[in-house]
Structures are given as C-alpha cells and as structure tokens.
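# A structural walkthrough
The primary structure of each chain is shown beneath.
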Amino acid sequence: MEGALIARDRVGVQDFVLLDSHTSETAFLNNLRKRYQENLIYTYIGTLLVSVNPYKELDIYTVTQMQLYRGVNFFELPPHLYAIADNAYRVMCSEYNNHFILISGESGAGKTEASKKILQYYAVTCPTTEQLQIVRDRLLLSNPVLEAFGNAKTLRNDNSSRFGKYMDIQFDFKGEPVGGHILSYLIEKSRVVHQNHGERNFHIFYQLLEGGDKDLLCWLGLERNPQKYAYLIQGRCAKVFSINDKNDWKIVRKAFSIIDFSEKDIEHLFGIVASVLHLGNIQFEEDSNGHAIIRDGTQIKWISKLLGVHLSILQEALTHRKIEARSEEVLSPLNVDLAFYARDAVAKAIYGRTFTWLVNKINGSLANKVGFFSSDSTRKTVIGLLDIYGFEVLDTNSFEQFCINYCNEKLQQLLIEMTLKAEQEEYELEGIEWEPIPYFNNKIICDLVEQKHKGIISILDEECLRPGEATDLSFLEKLEEKVGDHAHFVTRKLADQKTRKSIDWVDFRLLHYAGEVTYCAVGSFSLTLFQVLCNSKNGIIRDCFLLSELDNRRRPETVATQFKNSLMSLIEILMSKEPSYVRCIKPNENKEPGKFDDYLIRHQVKYLGLMEHLRVRRAGFAYRRKYELFLQRYKSLCPATWPHWHGPAAEGVERLIKHIGYKPEEYKLGRTKIFIRFPKTLFATEDAFEFRKHLLGMVPVPFMYRLISGAWACWRGALARKEAKKRTWAVQIIRKFINGFINRKKPLCPENMEFVQLVQYNYLMKLRDHVPKNVLDKSWLQPPSILEETSELLQKICIRSLVRKYCRGVTAERKVQLQQKVVASAIFRGKKEGYLQSINQPFMDTRLKNDVNPKVLQLIHGEKIKYVTPVIKYDRNGFKARDRLLVLTQSSAYVVEMAKIKQKIDYATLKGNGGSQCGTSLSASDGDVILQCEHIFETVTKFCMLANKQNLVKVVQGSLQFRIGSGKEGTMVFTVGQEPQVFKAKNGQLTVVRPHLNTGNMTCAFSF
Ligand SMILES: Nc1ncnc2c1ncn2[C@@H]1O[C@H](COP(=O)(O)OP(=O)(O)O)[C@@H](O)[C@H]1O
Ligand SMILES: [Mg+2]
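Residues numbered from 1 in each chain as written. Chains lettered and ligands numbered in written order. Predicted model: local features only at pLDDT ≥ 70, side-chain atom pairs only at ≥ 80, totals over all residues. Heavy atoms only, no water.

## A closer look at the site of ligand 1
Which entries qualify depends on this criterion: When we say a residue is near a molecule or strand, we mean one of its heavy atoms is within 4 Å of it. In protein, a polar contact means a hydrogen-donor-capable atom and an acceptor-capable atom, both N or O and within 3.5 Å, with residues adjacent in sequence counting only if both atoms are side-chain atoms; elsewhere, any N or O pair within 3.5 Å suffices. Surface accessibility follows the Shrake-Rupley procedure with a 1.4 Å probe radius. Residue values consider only the protein chains on display as shielding.
Around ligand 1, 16 residues are found, and the nearest of them are Asn-53, Gly-108, Lys-111, Thr-112 and Glu-113. In the environment of ligand 1, an oxygen atom lies 2.8 Å from a nitrogen or oxygen atom belonging to the side chain of Asn-53. Protein burial of ligand 1: of its 550 Å² of free accessible surface, 87% is covered by the chains.

Written as structure tokens, this is what we have:
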C-alpha cells in the first residue's frame, strides 16, 4: 500500500483515493481520461479496480507480467487485474476462506476478457502437478466451448456473452487448482430464432458451417453457405471481419477432446445444432381449411433423422396442439402464424436446454477428482469469477432484457450491501465516528421486480399460471393495478403528457439505477410443445426433455421465477465469500481504441456508484481486522502477548500496539476490530513481523523473550539510522560533484580528481557503445578536452583493428579482384565517364559463354589463357567491323577468328596507348589494332596488368591519332549522339558515336 501512496504513475494517480478533489466527478473523469490516453487502463479505488476497455491489444498480459505480480503486496505495483487475482489467491491461501471476483459493467465493457485473463493468471502462476495439468487445461478450454455456444456478435460487442456465468475454481490446501464448477444463467434463447440488424446468431452455427469438414456437413444435411439458413441471416452480417469462424471451430473441436466429450456426444450435439438450422428453414402454408401444413418435407426429414424422432409425430407436433377437453386429449390444428410460433419455440427450447446440458457436461469434466486418486480429503477453498451480462438497453427490450437488467440491479445491490452500506454500518456497529455518505440504494427497484405477491415477477407468474387465456394486455393491466403507484414504474396510461408518446400501449417502463428501459410485454409467455422430444433417440435431447417433467402435475415454475430463484441462490453463494470487485467501463460506442467519450463514461461512473465508493474509501480506514486475528498474527512483536495472551483479545491488541508505538491518529479501536487508517502503518507492522519470524527461526528459545522486548524499537531505530546514513552520504556526493565541476579546468588536483575520473569513465563507457563498427564508418565520439589525446590514439587503434579485421576476412579471389580494381582506378579514375558506376561490377576471367576453340589452344602452345572476351575489330583502312576474340595470356595478346589466330601481339613490342572519353588506342611497333569491346575497364585493366604497362594508357578527349601500317596515320573521332555507332565518315575519319552516359558498350581502340 505504501508503494501506491508514494509512487504515482507518470500520468494521473493510480488510486483515485489519492485525488486532491475526491468529490469532483470532473476530476475523476480527468484522471481516468489521462490514464486511458496513455494506455493505463486500470485504476484503483482502494481495493476496487476500475478498468476501461482499451479496444486494442496491450502488452500487459505476458507471462513476465504475471510473474511480476505474483506474491507481491497488492499496492506495490501499478494497478492490474493480476493484482486483484493475486490478492484474492493469497488471502485465500493464508486465511483458508472463499473468495469471489465480481466483474461488472455494461455490455462490451470488457468483463469476459477480464475473467479470461484472471483464469489465465491462475493457470500460469498457481503451483500445479502433472496430474493437475489436465484440470488446468480443462478450465481454460471450457471457455471457447461456452463462448461458441453462448456468445454472439451484437451491436455492442462482437463477442458478447449471451448468458451469465459464475465459475468456481477450487484449490486444495497447497493452493493448487484441483477442479472447477460453472453455473450458467438464462441463455438468451430468442437469439436462436431472431437477430436484430447488425447482429448474429450464436457463434457455433457459423463455426460449424465455415469449419466443419465436408463429410460432417453432408451427414448433417447442411450446406456450407450460411445465407441458406433463415436463422442466420436476419442480422445481415453472417460474415464478420473481426471473427475467424474457421479458426474458432478448430479450437472448439480440440477443446471437446480435452474436456472429455465422446464422439457420440459430439455427434448428438451437432445433430441438434443442425436441426435448429433445418427448423428455421421449415415453411408453412395454409390448406383449404386455413390450417397450417408444412410446405416442403426436406427439412423435417433431416430433423427427424438427427433428433431421432418419428417423422409423422414431429410433423404433427409442429402443426397441432393438444388441448384437454373433458379429461381427454384432443389434437387441434394450428393456423400458419401459430405454427411458425411453435417452430421457433421448439428451436429455442432445444438450443436452450442443450446449452444447459453442455454446462453440466463441462462441470462433470471439471469436477475435482483428485480425492478419488489419493486419500486427500482436506478442505478445499474456492475463488469464484462472476461474469454476468451487463446492463442492456435495446430498441426493443423483451423479457430477456428484463431478466438481464434485473440481474444487474441485484448485483448492484450486492455491491452496495457489501461495500458502501457494510462500510458505514460497520463503523456504526464498531462505535467508530463516521460521517454518513448519501448513496442511492437500489433496493427499491429490486423489490419492485421480485417482491412476493406484489412484485412484477409474481404478477407475471399469476398471469401465466391462472386458467384461461393470458394475454399481454391483461398482464399489463394487472401491473398497472398492482405496482402502478411505484415511483420507478411507468406505462403509457400512467405517464404524463410528455413521456406518453415514447411508450407504446403494450410497453411498461422501469426506471433502473442505470437508466430508463422500456420493455415490451408482448411475447412474454412461452408455449409447451415438447412431449415428442422426450422419446428422442438423440441422447442429449433425451437428457434435456425428461418424461418425468411431463408427469409433474404440480404447477410448473415460470422462466421468470426460475431465473429469480437462481439469482437468489447466486447472491447467497456470493454473500458467503470475500469479495473483490472489477468495474469495467466502455469508453465509446464504436469499439474504437483511444476514444474517450466523456458523456458515456460519466454516465457509467455515475451508475456504477464509483464516486460514492471513492468517498467512502477516502473517509474510512485502509485496513481492519478482528482483534483475535490481528493478535494471532502479530503477537510475537510484544513480550506481553508472546507466546500467549490470556486476557481478552482487544486488550492484548491495545498492549501490542502501545508497545510497537502506533500513534493515536494511525488507528481506532472498535468493539471487535482494530481499524488502521494508513497503509504504511500496516506495512511497517508487517515488515517487523517478517523480521521477527526470521529471528524466531534462528534464535534459541531462552534468548527469545529478551529479543522480542527490544525488537520493535530496534527495528524502527535501525530503519531510521539506515535512512540518516543514506542521506549524509548523498549530501557528500553532491557536494563533491559541484566542487569538481567548478575546478574541472584546473590541472589535476584533489578537488577535481573524482570529477575528472567520472568524466573520463563516462566518456569511455559511452565510447564503448559507440565505436565504429566497420572500416567505412568514420564517426567518432567527441572527447572531452582532457581526453583528446587518448581519444586520438584510441581512434587509430580502432581503425587499425577494423582494417586488420577487414583484411583478414578477404578471400584470395576477392584479393585478386581488389588488386585489379586498384589498377583500374589508377588508369580511369576521374578520367573516364562511367568508371564510378563500373566499380561494383566484378571483373571476370572470361566473357565467353563457351570454351575457347581447342585448336586455338594448340596454336598458342598450351599457354594458359588469362582472359578472353569477344571484340569487334575494325580494319585499318576501310574500318570494316569483324567479330573476333581477344585472348590474353601471360606473354601475349591474340586476336582470334574462330579457330585461327589472326594476330599475335607480344607485350614486349607494345609501345603505348591512348584513349578518349569512350575509347582507347594502343601503339605497337608495327601499326595499331582498333578493337571495340563491351567491358572496357575490365579488358584494358587485364591487358595492362598482364603486359605490366599501365603507365602507357592515356585517356584522351575528342580524337585520337593512330598509325596505319607503313607510316600513315589515321584519326579516330569520338562524338555523342542518339545511337551508338562506329563508321567511316566522309572525310575518311573513323567516327565513334556514343549515346549520353552510355557506360556499357564501349568502343576501344588499341594501336600497335
Ligand atoms: N483488456 C482488454 N484488452 C484488449 N481488448 C479488450 C480488453 N477487454 C475487452 N477488450 C475488447 O472488447 C471486446 C468486448 O469485451 P468483452 O469482455 O467481451 O465485453 P463484455 O463481456 O463486458 O460484454 C473484446 O472482444 C475485446 O475486443
Ligand atoms: Mg461478456
């Protein structure tokens, strides 16, 4: 806790308790916004965690993060779900009690994600054995299965849970997870047959069609295309960008095998899923009597096969109803509308009950079986996770929304009871001064819904169960009569002029704590038409529709009452456990990351009661414990209470805290509990206790009492001395630093010695990270003046070492290449266009695609060929072009035509050469040879190196004189034009035209 009080995040405060103006909603919102914009989505109000949905993946759920939070005091690290999870776990382990984490917030606020993250946290951080791995895997994998069958895309959330879930994780005395149990609440069955625009049916339908293999679909009589199924396309968004049905299908299939589903179970399960789809495609038409008949028999045949029910009985059940007439059952035909209604009712019922079956099946696989393997019958403790659908206001709110919102009212009440009210009442009970804080208690709304005989549910029950036709309007009239004067209930008839317009004749409106919701009373009554299913051959259906249910002559419970009762027992379960709270907030309606909608959030802050909660926390005490527990834990800190205190616990605690020196403002003593105001007080006590435990472990018993008496004072004294020592040391260091800085320019002396050393050290350490990495990198860190010489030396050493490293890395072939490139550079650098671009192109030993003709090899007497390239040779007189090869050996150059040597030039006879921007000529004693070649830099370099005459090459501009045999001279002119060409001009000169910047096809003239 101390950590949280001292350490503030970079942005805002990490515990609202630390806000300066803790009563201002604006300050609250500002803090939330600031943090949200920095991706700090979690903030505490004391021990309650407020979470804002980031709508993007954050890097805060890694295993490293989990390890970080594991076993650390709650307030020592920034707020996180893991801290809540870890705290509940540790308290459970140390106090052997049960806990639950209540995650609440409206649809899309991040509840389900939070519960999954908590589960993952336990899976990763709790100790486990190999035997228990399977429990862990099943706990984790039950989620994707439940989500596939119980979640759907809604307008608010692409993966909205359409059922409430309470999951217990069971731990043994070692803190190992040994089992689990799931309770599910009211799956939204109406979704099976109807979806609003932009929403989908439950994921599993799409997953099956998208991912199921061909044989399976064939067996189920399904087509892959969801557009073919009436139950899947009403929302007009069967495909959703953010959902990968195919992938999810694979996960679900894998999960089935881990959580113990047999092939038969899976077969039956998908038989039911497929039947629902087939049911949706059944169409009815009127016969001549106005009775409904099924239009096309295909679907019904599939259903009869998959559910294992008799075709004709099924057909009859869908188009008739049984009525009792004078103790006889008579079949009465339905009209088309009622037949559609019956069809949808069957679809909803089989899906809903199958979901319950699924949950039970999963529970079977999660059940703690360790006891069977070992003789372990020790006590188990549990941590429950409650992820229940959030408060919902839709355009049309049906019975299901009514249940959802009622559930949220109940949970809100639970929160109020367990925190706000409990807090105040406790202070009162304990006789501690307390300034009461007003809060809105929503009990009044809960009563309106659930009160016996007078509540809405009771009225609904009466209407459903009384003999005769119940209609929607009779229900509404009854409501008006019984609860019409309630401040939170309005109908059109009861409303004032202004509100009347917004309420339909069949609607009633409740003023919930979270806002107003108008419910449609139509369709609240369910139809019973399922006898036929009791005889199904599909095992799951048979389990779900028990014959005994039909025999039951008692008045059956309505769905509303069932829901109410299950809620009551949930609340009972929760009341018996230690709570932790996560309040989720939805930042905007568009699922957009980073968008903080002030209006929307302010509303949630209000109805989640966060401001009240903050005010209570601020006014209250951080920690409280029963005297007995407190004394039990800390009695070793006082000789009077150690090892046994024989008087009343309260007096023992008083002695104890007097001994350890609590100041009056740090605590209050209640009737049964001690209240500690500041977390730091508690932590100091806890630290002393840890220290003492350590001592007790080491010291022989006779010395123990003496040690105990002085220990607390000793502990505080030691802490203070340590602190003072640290401060003196810091002052000395700072003083030295300033002195050194002032005298830094002086020659080395005691005043600046350490400063200079520090500067040197820093420079060298920094240099270590910034030394050049390769020979071409010329950068070097600027040294402080005192290190200039050293830096220069170091730079030289560094360059030398890099060069040496580089040289060592050069292969023999590369070395030859580089040597040739050096020669080429000496000849052409800065003289010939295109040279720079050619540097990167490696020189080759041959430019021929084939080998040199063997005859030529014979003719040169086996001399080793060092280089060969195709060239064009120009006659000296007519300048006719001829294809030739230029072959270079160690001693001579040969101009070769096919298998004939046309000319041999001994390097010794070579006189010199000249060249232009695009050509070269070599002079030998008996006239010049004019050649054109493609790789001029390479050819000339090779030539020069072999002849060892590179200084004879001249690169010339414009024109070049050459000798034509017997003393006559010719001129070669170089020009620039569109097309490269070589021709004899009218004036008899050899004209070489090159295009602009052409570097590839060079013309070169050698003269000999
Ligand atoms: N902590 C989180 N990090 C990233 N995304 C989240 C987080 N919490 C929620 N979301 C996003 O919000 C969506 C809705 O969250 P969900 O838990 O399903 O809402 P709820 O259960 O409250 O209706 C999720 O599908 C996910 O995309
Ligand atoms: Mg959810």
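Once the structure has been displayed, the description carries forward.
## Describing the coordination of the magnesium ion (ligand 2)
Rules: Note that water is not among the atoms considered, so a metal site may appear incomplete; the donors listed are N, O and S atoms within 2.8 Å of the metal, with 3.2 Å applied to Na, K and Ca. Numbered from the N terminus, helices here are DSSP runs of H or I no shorter than four residues, and strands are runs of E no shorter than two.
Thr-112 (OG1) and Ser-161 (OG) make up the full set of protein donors to the magnesium ion (ligand 2), lying at 2.0 to 2.2 Å. Taken together, the positions of Thr-112 in helix 5 (residues 111-125) and Ser-161 in strand 5 (residues 160-161) put the pair 49 residues apart, joining distant regions of the chain.

## Considerations on the packing of helix 4 (residues 81-95) against helix 5
Short version of the rule: Note on geometry: axes are lines fitted to C-alpha atoms, helical ones only across the stretch in contact, with angles between N-to-C directions running from 0 to 180 degrees. Each angle gets one of four labels, with under 35 degrees taken as roughly parallel, over 145 as roughly antiparallel, 65 to 115 as roughly perpendicular, and the rest as oblique. The handedness criterion is simple: a crossing whose near helix is rotated anticlockwise from the far helix by less than a right angle is left-handed, and one whose near helix is rotated clockwise is right-handed. Contacts are assigned to residue pairs that have any heavy atoms within 4.5 Å of one another. Under the convention adopted here, Pro, Cys and the residues Ala, Val, Leu, Ile, Met, Phe, Trp and Tyr are nonpolar, Asp, Glu, Lys and Arg are charged, and Gly plus all remaining residues are polar.
Between helix 4 and helix 5, the shortest axis-to-axis distance is 10 Å and the interhelical angle comes to 55°. The angle between helix 4 and helix 5 places the two elements in the oblique class. Classified by chirality, the crossing of helix 5 by helix 4 is right-handed. Only Ala-114, Lys-117, Ile-118, Tyr-121 and Tyr-122 of helix 5 make contact with helix 4, whose side of the interface consists of Leu-81, Tyr-82, Ala-85, Asp-86, Ala-88 and Tyr-89. For the contact of helix 4 with helix 5, the residue count by class is 9 nonpolar, no polar and 2 charged.

## A look at the nonpolar core
The test is simple: Residue types Ala, Val, Leu, Ile, Met, Phe, Trp, Tyr and Cys, when buried and joined through side-chain atoms within 4.5 Å, form a set referred to as a nonpolar core. For each residue, the accessible area found with a 1.4 Å probe, counting protein chains only, is set against the maximum for its type, and the residue is called buried under 20%, exposed over 50%, and partly exposed in between.
Counting residues in each nonpolar core, the largest one holds 174 residues, and the members touching the most others are Tyr-122 and Phe-149. Setting aside its immediate chain neighbours within four residues, Tyr-122 contacts Ala-85, Ala-88, Tyr-89, Ile-101, Ile-169, Phe-171 and Ile-383. Formed by 25 residues, the second largest nonpolar core is a distinct cluster that contains Val-823, Ile-827, Phe-843 and Tyr-907.

## A few points about the sheet that holds strand 13 (residues 489-491)
Consider a sheet: its strands pair through backbone hydrogen bonds, and that pairing is either parallel or antiparallel. Where we set the bar: Here, a strand pair is defined by DSSP locating no fewer than two bridges between the strands.
Taken together, the 3 strands give an open sheet; going across it, the order is 13-14-15, and neighbouring strands pair in antiparallel fashion. Looking along the sheet, the strands with just one partner apiece sit at the ends: strand 13 and strand 15 (515-520). Taken pair by pair, the neighbouring strands of this sheet meet at an average axis angle of 25°, ignoring direction. In the sheet, strand 13 pairs with strand 14 (residues 507-512) via 3 bridges, with the strands oriented antiparallel. Considered in strand 14, the bridge of Phe-489 is made with Leu-510.

## Overview of unusual backbone geometry
Following Trp-642, the chain continues to Pro-643 via a peptide bond in cis, the omega torsion being -5°. Position of Pro-643 among the secondary structure elements: in the loop between helix 27 (627-634) and helix 28 (649-660). Residues other than glycine seldom take positive phi values, yet Asn-39 does so here, at roughly 65°. Turning to its location among the elements, Asn-39 is positioned in the loop between helix 2 (25-37) and strand 1 (42-45).

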